[in-house]
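A structural walkthrough
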Amino acid sequence: MKNSGKNLIFFRYINVFALLLLFSGVASAKHIIGGDVFYECLQLDTINNKVLLHFEFQMYRDNRCSTNGEECAYFDGDGRGNGNSRGAEFGVYRSNGRTWTYVQKTDPIRPTSIQPVPPNDPPCLITPPAIDVERGLYTFDIELDIIESNYLITYQRCCRSESISNIVNPGSYGAVFSVEITPEALKTCNNSPVFNEFPPLIVCAGFELEYDHSASDVEGDEVVYEFCTPLSSGGTNGNAPTSDCNSTPVPEPSACTPDGFRRVGFLSPSFTSLAPMGGDPVVGVDPVTGLVSGVPTIIGEHVMAVCANEYRDGVLLSTIRRDFQFIVSACEKAVNADIVSDMSVGKNFDVISCGDFDVQFQNRSTRLQDIVSYTWEFEVGVDVVTSFQRDPLITFPEYGIYDAKMIVNEGIPNCTDSAFVTVRILPGLDAEFSSAYDTCVAGPVTFTQFSETDDNNFIVSYEWDFDDGNGQSQVNPRHLYDIPGDYDVSLTVTDNNGCSDTETQDLLYAPAPNLIIVEPSKFIGCEPAEVTFNNLTTPIDDSYEIFWDFGDGSDEDEQFDLSPTHTYEDDGVYSVSVDIISPLGCLATRTFPSWINVQMGPDADFDVSPPADRIDINNSTVSFLNGTVGAVEYYWEFGDGGISFEQSPTHTYRDTGVHFVTLYATSTNGCMDTITQIVDVIPVATMQFPNAFTPNNDGDNDQFRGVGSVELVNDYRLTIYDRWGKIVFESDMPTEGWNGQLNNSGAMLPPGVYMCHAEWRAPRGDRESYEGSATLIR
């Protein structure tokens, strides 16, 4: 927009972009790695011929040091250390056509904001991990005189990355970021062009590079693009004075003028200022469109500069310089053309359709997020059938071989890939078979195939799967199943063209067994006899109906079990029979005559004397009175470790407690019966008290106390009263007696008769007591 007739002119988006980005794994730059500038005119003073410009200068730095442990070099003045803590200083210079003169510099400026820069990876390529870059924004105002000289606004700072691979001694160069404004630009209120795209962080070696480096101009001025040489100022000597422009990390703007700026030296012949990335074809910039294109071939960090020169009516208005660095890296192609096929070699795929003219193609190309289009071309006779679907359904007119091609992302550089397809439409074949077996006699199943194919073809293989882990390749096989069940039997036939077909049929194999086999083969046992009938008959399972007749007239649920367990309560000889009915209704039966022999056993019994409730530790000899019927041998266990083989033994218990007494009685046929009873030997706690005592310390009868089973007594208490009912002695210790004194420590009590009361708890918890008199004799 032109405002030459107005006092207030806005200058917008004079852009200098300098981006030095670093590839993961390569040494980082020590400080700033790029920047871009925008400015606007805040006020045009036509009386004093001055303009007030507002600048927004965006700087860029490598931030990987925050995660990889390296020492960080932050933005000047951002307060995080390792940088110029005072802030960034920008210098202003004017030209007389031959040299530059220092005009002024800004006060130190701190960034107003710091933000991360999002990655800008090339599409359809798999690149190394994203680079971490921060962007800091500096803003400042400068008033300039409108004179017939160009102005240059610059920021000078060390350093470029030591790992740059297309210039000589990269670590010795600093960087200069600047924009040049002509008098015509100021007089005509011109707005500079603005670059449209952010440069890619990574470029892939061996892949076509097409980067739109164009700039937009709101006035429609002509913009001419060219590669130009990056500039340098500053060095790595932190001890050098700031006036030593090529040594100090922070050059002083008043001392370091553009006349002293150096141009970086490219490593020729691979790289030059006009071919800073080399390549095959060489990477270049279109002067009209600003398109940077070519195929870079050398991996590394390549610095370059693109100048955008703005002209109006053939007059130069401004030059915008973008100084930046591409990371040329080894990448992988992300887009891969692939389809489901019967056979493939590289990008050549064979798709075979047997007996079907309609072919559904299945696409499995990747990466889906990078794919925007599919183009299929099928050569059908003289015609080409085209489809743009991912999975097209194509109908072919007749049997034959057809060529096809599938193109992914047609016409998109680096994103396209192709698959070459041979489609074979062949006659089909039908797999068919039948099965048969005697359902009432267990035996093999006969399979008969009657598959069909085209007259000009023939079947070359038969593959049978009997669904029991077995298979055969015979034409008409026979197969014996070990167990009954439902089987999915399949036949796959293949002809001489490689076409195949599979037929699957459900086969219920459930014949009646030829022979019923049950273990044990015989049984002899004593009543009650528990017998388990282990049914070993094949082929049977739970789908068969089973009925057992155990021969004793019982009617229990176990008679329907496959392998039942049955108890014979009475002695005798029993015949057993079993009926088996298959799921198809065939019956198999077998009788086992006189199979089970259950013999009579003895009936063990005994009594004890004395009776169980009269046995205690003082009366612990027990007589066991055998009442067994039908036994000839006896074995006793008395529950305390003692044993006996007598018919009616006597046993003395040495300790109290509950004892389990077991009698094992055996008859002449070896049958045994047992019986267990409890013998409880009760502990006895007896306490006996005298009726008089003589406490004269002669060691004989000096205390009044109870004697007996003191160790068995619990909750004991002895109380002595005088004839007036006063307690003169009391104790809860069975071993403590009365010595004739008041409470055993007071005054001597007079001779006489005293009343005694004692009570205690017996070992089984019963309460016992004693009431009597105690005569004190002195």
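In the block above lies the structure referred to throughout.
Described in the following lines is the structure provided in the data block. (Residues numbered from 1 in each chain as written. Predicted model: local features only at pLDDT ≥ 70, side-chain atom pairs only at ≥ 80, totals over all residues. Heavy atoms only, no water.)

A few words on the overall build of the protein chain. Across its full length, the protein chain carries two helices and 61 strands. In terms of principal-axis extent, the alpha carbons of the protein chain reach across some 145 × 115 × 45 Å. Out of the 778 residues belonging to the protein chain, those deemed buried represent 47%. Once local pairs closer than 6 in sequence are excluded, the contacts in the protein chain between residues at least 24 apart make up 63%. Total accessible area on the protein chain stands at roughly 37,100 Å², and carbon and sulfur atoms take up 47% of it. Treating the 42 positive side-chain charges of the protein chain as one cloud and the 113 negative ones as another, the clouds have centres 22 Å apart. (Helix = DSSP H or I, 4+ residues; strand = E, 2+ residues; numbered from the N terminus. Buried < 20%, exposed > 50% of the residue type's maximum accessible area, 1.4 Å probe, protein only. Contact = heavy atoms within 4.5 Å. Areas by Shrake-Rupley, 256 points an atom, 1.4 Å probe, with all protein chains shown as cover. Lys, Arg positive; Asp, Glu negative; His and termini not counted. Charge placed at Lys NZ, Arg CZ, Asp CG, Glu CD.)

Next up on the list: the nonpolar core. Formed by 29 residues in total, the largest nonpolar core has its most connected members in Phe55, Phe57, Phe90 and Tyr138. Of all the secondary-structure elements, those providing two or more residues to this core are strand S2 (32-45), strand S3 (50-62), strand S8 (133-145), strand S9 (151-157), strand S10 (175-181) and helix H2 (183-187). Looking at this core, the element that brings in the most residues is S3, giving five residues. When sequence neighbours within four positions are dropped, the list of residues in contact with Tyr138 reads Phe55, Glu56, Phe57, Met59, Phe75, Asp76, Ala88, Phe90, Ile109, Arg110 and Pro111. (Core = buried A, V, L, I, M, F, W, Y, C linked by side-chain atoms within 4.5 Å.)

This part takes up a negative patch on the surface. A cluster of acidic residues, Asp465, Asp467, Asp486, Asp488 and Asp506, forms a negative patch on the protein surface. Considering the arrangement of structural elements, one finds Asp486 in strand S38 (residues 485-495). Take Asp486: its relative accessible area is 53%, and that puts it in the exposed class. (Patch = residues over 30% accessible without salt bridge, like charges linked within 9 Å, V, L, I, M, F, W, Y side chains within 5 Å. Salt bridge = Lys/Arg side-chain N within 4 Å of Asp/Glu carboxyl O.)

According to the stated counting rule, one finds eight disulfides in the structure shown. Through a disulfide, Cys245 is tied to Cys256; the S-S separation comes to 1.9 Å. Measuring the twist about the S-S bond at about -95°, one finds the Cys245-Cys256 disulfide to be left-handed. Of this pair, Cys245 sits in the loop between strand S16 (231-232) and strand S17 (262-263) while Cys256 sits in the loop between S16 and S17, placing them 11 residues apart in sequence. By the burial criterion, Cys245 is buried, and Cys256 matches it. Bridging Cys526 to Cys671, the disulfide has an S-S length of 2.0 Å. Classification of the bridge connecting Cys526 and Cys671 rests on its S-S torsion, roughly -90°, and on that basis the disulfide is left-handed. In this pair, Cys526 sits in strand S41 (residues 523-526) while Cys671 sits in the loop between strand S53 (657-666) and strand S54 (672-681), placing the two residues 145 residues apart along the sequence. For Cys526, a relative accessible area of 26% gives the class partly exposed. The thiol of Cys189 is not disulfide-bonded; the next cysteine sulfur, from Cys41, is found 6.5 Å away. (Disulfide = S-S within 2.5 Å.)

Once that is clear, we can look at the sheet that holds strand S35 (residues 459-465). Read across the open sheet, the four strands follow the order S36-S35-S38-S39; overall the sheet is antiparallel. Each edge of the open sheet is held by one strand with a lone partner, namely strand S36 (471-472) and strand S39 (500-509). Sheet analysis places S35 next to S38, joined by six bridges and oriented antiparallel. Residue pairing across strands places Asp465 opposite Ser490, the latter belonging to S38. (Pairing = 2+ DSSP bridges.)

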